[in-house]
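Residues per chain are reported as follows:
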Amino acid sequence: MKRRSNLFLMVAAVLVGVGLITCLIGAGVSSAAGDPLFSSSLEEGKGYRYPFDGSKIDKIKLDVADAKIQIVGGAEESYIEILHFNENLYSFSMSKSLISFKESPDVSSVLRFWESGFTFKGMRYILRLSPKKGEKAINIHLTDDDFVKCLEIKSNTGNISVSDISTDTDYIFTMESGSVKMENVTTGSALNITSTGTQPCTVELEGTSARLLTLDLMQGDVQAKALSALTSKIDVVHGSVDLDYIPRKELFTIAVNTKGKLSVNEVNYIDTYQYTTKEKDAKPGEDEEIPEEETLTITCKDAAVYLFAATLPADVQKTK
C-alpha cells in the first residue's frame, strides 16, 4: 500500500511539473503574440497592455464599478492599459471594430456567469480572488491619426478624463457620481454626460468644443472655460453651473431657468434670463439659405448659475 502511495505521489509530482512547464511555455508564447497570460509591470502599475489599430475601431465600451479612466491623444501608437483589476472580476474583448471591458461588482456575480455573460478564464486565476494593490485604472492612448467613432463609458463612481483629441467622436458617459474632466477636446459630434446619483458629480470642461452638448445631472458641479457648442442643453437639479461660453455663430439664443442664484456677466437676475440675436419675425428671402442657429439652454431646479459670455452686448440687462 505504501509503495502504491509513493507511486501516486511521484506521478502527481510529474504532472505538476509538466503543468508548470506547459504554463511557462504558454505564457511565453502568448506574450510574444501580444496576448499575455499574466499581468506585467507597466509604467503606472501592474496590469495588461493591448495595442490596437485605432483607425479601424468603431467603438470603445467600458463598464466599470469604480476606476480612474484616462483617454489621451497624441500618442505614438494606440493602446489600452488595464491596471490593478482582479482578473476574476472582469471580461475583456477586442475585435477589429470593438473594444469592450465589463467589470463585475463581486465574485457571486461571476459565479452566475450564465446571467452576466462572464466566462471561466482558467485555473491560473482561481487562487487570485483578492484585488491587487493600487488604484484600478484604464488608460487609452490614441494617435492623432486614429478616429474612434464612439467612446461609451458607464461607471458607478470614478474619474474620467479626456485630453488632446480632435475627432468627430461621440462621447457618452453615464455614472452615478464621480468626475469628468475634458481638456483641449474638439468633436464635430456629441458629448453626453449623465449622472443619476444623489452624490455630487463634478464636470470640468476646458477648451472643449462639440456640435451637441448634453449634461443631465442630478447633483452636479459644472465648471467650463472657453466652451462652445452648436446646441447645448444643460440640466442640473441641484448644485452649480459656472460657464464661460463662446458662441460660434452670429445667430444664437441663450435661455436660462433656475430657482437658484442667477447671474450673467456679473449682473443678477431672478429665475430666468433670455437673449437672442435673431430678429423678431425675420424671414429669409426666396434665394437665401436659412442660417444655422446656435442655442444654449440651461434648466435647473435650484442650482446656482453663473454665466459669462464676452460676445453679449454691454447692455446685458436687455432680457425678456
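Structure shown above.
Summary of the structure given here. (Residues numbered from 1 in each chain as written. Predicted model: local features only at pLDDT ≥ 70, side-chain atom pairs only at ≥ 80, totals over all residues. Heavy atoms only, no water.)

1. Some details on the packing of aromatic side chains
By the definition in use, this model includes 8 aromatic pairs. An angle of 15 degrees between the planes, with centres 6.3 Å apart, marks the rings of Y48 and Y50 as stacked. Each member of the pair, Y48 together with Y50, is buried. The structure contains a cluster of three or more aromatic residues connected by ring pairs, namely Y48, Y50 and F92. The ring of Y79 carries the charged tip of R49 above its face, separated from the ring centre by 3.8 Å. (Phe/Tyr/Trp six-rings, centres within 6.5 Å; stacked < 30°, edge-to-face > 60°. Buried < 20%, exposed > 50% of the residue type's maximum accessible area, 1.4 Å probe, protein only. Lys NZ or Arg CZ within 6 Å of the ring centre and 35° of its normal.)

2. Describing the side chain of D146
Residue position: D146 is located in the loop between β7 (137-141) and β8 (150-166). In this structure D146 is buried but unpaired, with K56 as the nearest side chain of opposite charge at 10 Å. There is a polar contact of 3.2 Å between the side chain of D146 and the backbone nitrogen of S55. Among all residues touching D146, those that are not within four sequence positions of it are D53, G54, S55, S78 and T167. (Helix = DSSP H or I, 4+ residues; strand = E, 2+ residues; numbered from the N terminus. Lys, Arg positive; Asp, Glu negative; His and termini not counted. Salt bridge = Lys/Arg side-chain N within 4 Å of Asp/Glu carboxyl O. Polar contact = N/O pair within 3.5 Å; in protein donor to acceptor, adjacent residues only side chain to side chain. Contact = heavy atoms within 4.5 Å.)

3. Notes on the pattern of salt bridges
Tallied over the full model, the rule gives 5 salt bridges. A salt bridge links E103 to K136; its shortest N-O distance comes to 2.6 Å. Pair noted here: E103 is in strand β6 (residues 98-103) and K136 is in the loop between α3 (113-116) and β7, with a separation of 33 residues, a long-range link. Its relative accessible area of 24% is what places K136 among the partly exposed residues.

4. Describing the pairing of β8
Bridge count between strand β3 (residues 59-72) and β8: 13 bridges; the pairing is parallel. Bridging across to β8, D63 finds its partner in K154. Across 7 bridges, β8 lies against strand β10 (residues 178-186) in parallel orientation. Counted as the bridge partner of I165 is V185 from β10. (Pairing = 2+ DSSP bridges.)

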